[in-house]
Amino acid sequence: MKELSQTQLASVAKIQVAEVAENLDLLSLLDAMRSIIFYVDRDAVVVHGNITARRWAPSRFVIGSFLVDLIPDWRDVNRLLAEIAIVSEMGTASWGLEFLASTHGVEHWFRVDLIPTKRTDADAAGAMIVIDEISESVRTEYALQESEARYKAFIANSSDAIWCYSISPPVDIRQPADVQVQKIMSTAVLAECNVQLAKLFGANKIEHVVGARLHRSRSVSTRRDVAKFVENGYRLEETELQLLTSDGKRGCMQSSAIGVVENGFLTRAWGITRDITERRNYIDKMEHLANHDALTQLPNRELLYSTIERALERRKDGRVMALMLIDLDRFKEINDTLGHVAGDEVLKQIGPRLKSELSEIKSLVARLGGDEFAVFLPSVRSVQQVVIAGHRLLDCLCDVFELQGSKTEISASIGISTCPHQAEDVSTLMRYADVAMYHAKKSMKGVALYDSNFDPHSPVRLALMGALGKAVRENELLLHYQPKVSMERHHVYGLEALVRWNHSHLGFVPPEEFIPIAEMSNMIYPMTYWVMENAIRTNAALYAKGYRLTIAVNLSPRTVTDDRLLTDLSNLLKRYQLPSHLLELEITESLILLEPDRAFAALKSIGDLGVKLAIDDFGTGYSSLAYLKRLPVQTLKIDKSFVLDMLDDEQDEIIVNSTINLAHNLGLSVVAEGVECEAVYQRLSDHHCDCAQGYHIAPPMNDLELESWLKNSRWTSCP
Ligand code: C2E
Ligand code: MG
Ligand code: MG
């Protein structure tokens, strides 16, 4: 502490006594104050300090101390001393000086007011120093300034557009939403923004856009966005919107906004807008890839399903929805003969063809994979309209396909299912359309509408299917035999084995009902095996008795190409010692159309065993002569539908006659089915038909009936 001289001390004491005596009231008032208050003379020697000052000072000896000794941690003390000198000298106060002190590394801020003190002789004697610690408020203010600077920097440097619209006059939020929307639209003005927003608006500088009205924002859906903002409680959360960008294109933006509501009035809205055009384009591209077929660019199965699901949810009463499944016939042949490039070209042309054919109907054309396409019609007038559309699609697919350097033709099978008549969910619609398509293909109808009768999975059918398996395993089936006679010798030469099922509860189930079920399940082969074994066994027994009859077994298309067939046939013939030429297999034309190559190979091997082959139900399918010529068959059976009425129906007779001629030209013999009377028999004979089968000769009979018939009939002579 600086030493005071004797005269100085004497002067201090003099002043103090005088002052105190003069201002007792004032001193007690100062003691009551929370500020630190010193009286100093013009040399900054403390003359008096209030209670707060005395407590605060580091030394007990406040009076007579140099002020600087009481504030050792203060920086810039010289400035304070200079100020004291000026104040003392000039007699004018100095307010709000700020000083920083650093005590043990902690900073303290003080505000200092200097008030000149005058003695009664009017000379400035010194100053009253009022000190208040303001560290807390300085820190708060600094923090505030820092956060404001940070927020300003954040807004300025943000890569997103940040904006604030001010709404003046503020909008009363108790008003109806549409009124609020209207008012916001007409009064909101861009009050603040960063350069990113300016750029979105096609400007370089913020000043060029601030002040712009909201309705001139470039969003293509401003009113809708504002309505959403109001409905959402003055918030928008990552809402996507389209913005017309400066170059006239549409950009995709994502905006979030929050409104400032003060005393029930909306005054401002802050928001952030991010340009997500690239991200949206990328997502759109990914979605397109995920929902479309790469080769044809048509919607794929996923998109078809989701579209149907959405349409089902929104379906209006009275409207019919339909799903068509289209499967190309023999598409594999195009790939095999013309190559995969040509195959791809055909597939690519299918979508546009189908779409142009359906131009007046709302539709979705999809590719499900391979040669399978689908058409979904979300709203049609009637089922008939769908069936007609199906036939039109079939016709358009049958037109020639012009490929690079070649031409080709295809055909297709179309299955249709409808909602609400048949199904009310996607998977059932799909399954039914698939069942119908399979039926269309198998029956060569081209277009088929779903019918539970050809559905292997309809409840009745499922029950029958289960029962059929049991019938085969437990020998519930039986065979009837129907004779076939030679018209030249009027003599029986063969039998057709026809399967029968006498169900314990359902009674007699006609083969037309249970054979399609067997064909759709894997029951068909076991059933056919059962028929073959029993037919061969019966004929072997007749053979042992001296009869020389062929026994004919009907084969479903699928069994002909079954890998087990050839081995099983030759084993059965060996086991029952039946010469192979006394077994005949009846096949239908559809077999050849479905899988020509495999069918040819299988029939050739069967023929090589010595087994005879006949085409059954000839005339009901679409066999082409070219195929017929290549097949290793010996016999054509004219379908009974032509024979039954041939005496009354001239067309039928012409067909019968020309079939006989055709068969003879190809070196085949002809059997006419369904001969119910002598007159037909005679007419067939006139047309040089070779053989006949029908109720006129004999109905299908069980073993016992057959044996007695063989013994007694005029068509036979006992061996
Ligand atoms: P399909 O092979 O054409 O058999 C001839 C059908 O004509 C038999 O009917 C027979 O009872 C019937 N029929 C015979 N003569 C006459 C006649 O003069 N007038 C009339 N209106 N009908 C006559 P069924 O036994 O009901 O057999 C129907 C069809 O079921 C057969 O037609 C055949 O396609 C199939 N089927 C029968 N048994 C088997 C079998 O074991 N396996 C396979 N895959 N199919 C079989
Ligand atoms: Mg037959
Ligand atoms: Mg037949």
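Note: the structure precedes this text.
Quick caveat, the model's predicted, so the values are computed rather than measured.

How each quantity is defined
Residues numbered from 1 in each chain as written. Chains lettered and ligands numbered in written order. Predicted model: local features only at pLDDT ≥ 70, side-chain atom pairs only at ≥ 80, totals over all residues. Heavy atoms only, no water. Donors = N, O, S within 2.8 Å, 3.2 Å for Na, K, Ca; no water. Buried < 20%, exposed > 50% of the residue type's maximum accessible area, 1.4 Å probe, protein only. Helix = DSSP H or I, 4+ residues; strand = E, 2+ residues; numbered from the N terminus. Patch = residues over 30% accessible without salt bridge, like charges linked within 9 Å, V, L, I, M, F, W, Y side chains within 5 Å. Areas by Shrake-Rupley, 256 points an atom, 1.4 Å probe, with all protein chains shown as cover. Salt bridge = Lys/Arg side-chain N within 4 Å of Asp/Glu carboxyl O. Lys, Arg positive; Asp, Glu negative; His and termini not counted. Charge placed at Lys NZ, Arg CZ, Asp CG, Glu CD. Near = heavy atom within 4 Å. Polar contact = N/O pair within 3.5 Å; in protein donor to acceptor, adjacent residues only side chain to side chain. Nonpolar A, V, L, I, M, F, W, Y, C, P; charged D, E, K, R; others polar. Pairing = 2+ DSSP bridges. Axes fitted to C-alpha atoms, helices over the stretch in contact; angles between N-to-C directions. Contact = heavy atoms within 4.5 Å.

> Explain the coordination of the magnesium ion (ligand 3) to me, using residue names and the numbers behind them.
Looking at the magnesium ion (ligand 3), the protein donor atoms are Asp616 (OD), Asp617 (OD), Glu673 (OE) and Glu673 (OE), and they sit 2.0 to 2.7 Å from it. Positions of the donor residues of the magnesium ion (ligand 3) along the chain correspond to the pattern D-D-x55-E. On the basis of relative accessible area, aspartate 616 is assigned to the buried category, the value being 7%.

> Which residues make up the coordination of the magnesium ion (ligand 2), and what values go with them?
Each donor-metal-donor angle in an ideal tetrahedron of four donors is 109.5 degrees, and each such angle in an ideal octahedron of six donors is either 90 or 180 degrees. Within the protein, the atoms that donate to the magnesium ion (ligand 2) are Glu496 (OE), Asn554 (OD1), Glu586 (OE) and Asp616 (OD), at distances of 2.1 to 2.2 Å. One chain supplies every donor to the magnesium ion (ligand 2), and in sequence these donors are spaced E-x57-N-x31-E-x29-D. Between the magnesium ion (ligand 2) and the magnesium ion (ligand 3), both coordinated by aspartate 616, there is a metal-metal distance of 3.9 Å. Here glutamate 496, found in strand E19 (residues 491-503), pairs with aspartate 616, found in strand E23 (residues 612-618); they are 120 residues apart in sequence, far enough to count as distant. Accessibility assignment for this pair places glutamate 496 and aspartate 616 in one class, buried.

> Break down a nonpolar patch on the surface for me, with residues and values.
A surface patch of nonpolar side chains, amounting to about 240 Å² of accessible area, comprises Leu26, Leu29 and Met33. When you line up the elements, leucine 29 lands in helix H2 (residues 24-32).

> Provide a residue-level description of a positive patch on the surface, including the pertinent values.
Taken together, the side chains of Arg310, Arg314, Lys316, Arg319, Lys362 and Arg381 define a basic patch exposed on the protein surface. Positionally, arginine 381 belongs in the loop between strand E13 (372-380) and helix H14 (383-398). Arginine 381 gets classed as exposed once you look at its relative accessible area, which sits at 63%.

> I'd like to hear about the site of ligand 1, residue by residue, with values.
Taken together, 23 residues lie near ligand 1, and Gln482, Arg500, Asp616, Glu676 and Tyr695 sit nearest. In this structure, an oxygen atom belonging to ligand 1 sits 2.9 Å away from a side-chain N or O atom of aspartate 616. For ligand 1, whose free accessible area comes to 790 Å², the fraction covered by protein is 87%. Residue assignment for the shell around ligand 1 shows that the elements contributing at least two residues are E19, helix H17 (511-520) and E23. Top element by residues in the shell around ligand 1 is E19. It accounts for 4 residues. Counted by class, the shell around ligand 1 contains 9 nonpolar, 5 polar and 9 charged residues.

> Explain the sheet that holds strand E8 (residues 235-244) to me, and be specific about the residues and the numbers.
What links the strands of a sheet is backbone hydrogen bonding, and the strands pair in either a parallel or an antiparallel sense. The strand order across the open sheet built from 5 strands is E7-E6-E10-E9-E8, with neighbouring strands paired in antiparallel fashion. Two strands close off the open sheet at either side, each with one partner strand: strand E7 (188-193) and E8. Strand-to-strand, the axes of this sheet are offset by a mean angle of 30°, without reference to chain direction. As defined by bridge partners, strand E6 (residues 161-172) adjoins strand E10 (residues 265-275) across 8 bridges and the pair is classed as antiparallel. Bridge pairing in E10 places isoleucine 162 opposite isoleucine 272. Each of E6, E7 and E10 is contacted by helix H7 (residues 177-187), which is oriented at about 120° to E6, the strand it contacts most. Packed on one face of the sheet, helix H9 (residues 222-231) meets E8, strand E9 (250-262) and E10 and runs near 180° to E8.

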